[in-house]
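Below are the chains, spelled out letter by letter.
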Amino acid sequence: MDNQAPPLEMIFGNYMAWKLDETSWCISFMEGTEYIYLLEGTEKALLLDTGYGIGRLRAFVETLTDKPVIVANTHFHPDHSAGNGEWEEVYLSAGWETDAPSVLNPGAGPVDLNTLPHPDYKKIILHDGDVINLGGRSVTVLEALPAHCNSSLFFVDEGHRMLFSGDEFESHQTLMYDNSSNPEAPYHVEKRIENLRLNAMRLKEIVSDGWYLLPNHNGTPISLAYLDGYLQLVDSIHEGTAVIEDKLNHRFIEMDPKAPELCRVRCGDVSIFIKKQEVLKIYGKRRAHEL
Ligand SMILES: [Zn+2]
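1. Quick notes on helix 6 (residues 189–206)
Taking 1.5 Å as the rise per residue, helix 6 with 18 residues should run 26 Å; its terminal C-alpha atoms sit 26 Å apart, in good agreement. Every buried residue belonging to helix 6 is among Val 189, Arg 192, Ile 193, Asn 195, Leu 196, Arg 197, Asn 199, Ala 200 and Leu 203, and all of these are buried. Summarising the contacts, the buried residues of helix 6 are in contact with strand 10 (153–157), strand 11 (162–166), strand 12 (174–175), helix 7 (225–239) and helix 8 (276–279).

2. Overview of the packing of helix 6 against helix 7
Between helix 6 and helix 7, whose axes approach to 9 Å, the crossing angle comes to 150°. Between helix 6 and helix 7, the interaxial angle falls into the category roughly antiparallel. Crossing handedness for the pair helix 6 and helix 7: left-handed. Residues Ile 193, Leu 196, Arg 197, Ala 200, Leu 203 and Lys 204 of helix 6 lie in contact with helix 7, whose contacting residues are Leu 227, Tyr 230, Leu 231, Val 234 and Ile 237. Tallied by class, the residues present in the contact of helix 6 with helix 7 amount to nine nonpolar, no polar and two charged.

3. Section: unusual backbone geometry
Residue Pro 221 is reached from Thr 220 by a cis peptide bond, and omega for that bond is -15°. Inspection of the secondary structure puts Pro 221 in the loop between strand 13 (212–215) and helix 7. If you check the backbone angles, Met 30 has positive phi at about 50° while not being a glycine. Among the structural elements, Met 30 can be located in the loop between strand 2 (24–29) and strand 3 (34–40). Given 17 C-beta atoms within 10 Å, Met 30 falls into the partly exposed group. Phi is positive for Asp 49, close to 90°, though the residue is something other than glycine. Looking at the secondary structure, you find Asp 49 in the loop between strand 4 (45–48) and helix 2 (57–64).

Conventions and cut-offs
Numbers given for residues are sequential positions, taken from 1 along each chain in its written order. Given that this is a predicted model, residues contribute local features only at a pLDDT of at least 70 and side-chain atom pairs are listed and counted only at 80 or more, while totals for whole chains, interfaces and linings are drawn from all residues. Going along the chain from the N terminus, every DSSP run of H or I of four or more residues is numbered as a helix, and every run of E of two or more is numbered as a strand. For a helix, the expected span equals 1.5 Å multiplied by the residue count minus one. We call a residue exposed when 12 or fewer other C-beta atoms sit within 10 Å of its C-beta, buried when the count reaches 20 or more, and partly exposed for counts in between; the C-beta positions come from the backbone. We call two residues in contact if the C-beta atoms placed from their backbones are at most 7 Å apart. Here an angle of 0 to 180 degrees is reported between the N-to-C directions of two axes, which are lines fitted to C-alpha atoms, with helices fitted over the stretch in contact. Roughly parallel means an angle under 35 degrees; roughly antiparallel, over 145; roughly perpendicular, 65 to 115; everything else is oblique. The crossing is said to be left-handed when, going from far helix to near helix, the turn is anticlockwise and less than a right angle, and right-handed when the turn is clockwise. In the scheme used here, Gly and all other residues not listed as nonpolar or charged are polar, with Ala, Val, Leu, Ile, Met, Phe, Trp, Tyr, Cys and Pro taken as nonpolar and Asp, Glu, Lys and Arg as charged.

Set out below in structure tokens:
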């Protein structure tokens, strides 16, 4: 092993936090590129995501709030939910079972999940429209249609004008290839791209000026304009005007065994990673409104 390589904990479990406002924290890790959120009400706090399960996130969170912490996942991918076993129970989407192999297969993440204090933590399913009441602050849950994955939830904090978009909408790219590690998981490229559009349309109906998107990667908070950017990207794929780039320009995705099959499809500020042979099935074939 390269003696110069940093220990895993330095990358996956080195947490630092800053305040978004007086009762909301962003906790960063992965060398500052990935985020976990902590939202505090007068009675309870809500933690959105648990990271890779490295580096004692729970102890870190307890330095920020003394309120009882409700733990929820934006979706069931290893960098968001492998740390769930630090807690006794976690709220998540019913879709977690479809994406489960991406977290639970041996070697899916950098830590043996059986070494966490509660490897058999209780899973509580959240549904569309559920409201998590924190005391003077409530957060509404929306189920995303499968686009980035099969298990995404959006969390809407109307009082603070914050919309937590998970990995479905972020500033650089949305990963749109099948990343469930589940051969039984459904994947239809047309439907995935259409779901990306429908999710953006739904979120646009909720937000207004003064709101922000708070994704889990590559910058936060970010402008609502990215929702329009993704809508334009979907149109440009159907029109055949989106730019297809074979070079991914992404340090972590380039290490993925799927990388040789992937391309980046770009329109303006936003892009997606997707299997090139999949996107070519729909690229330039018809316009979105004809679907
Ligand atoms: Zn993800």
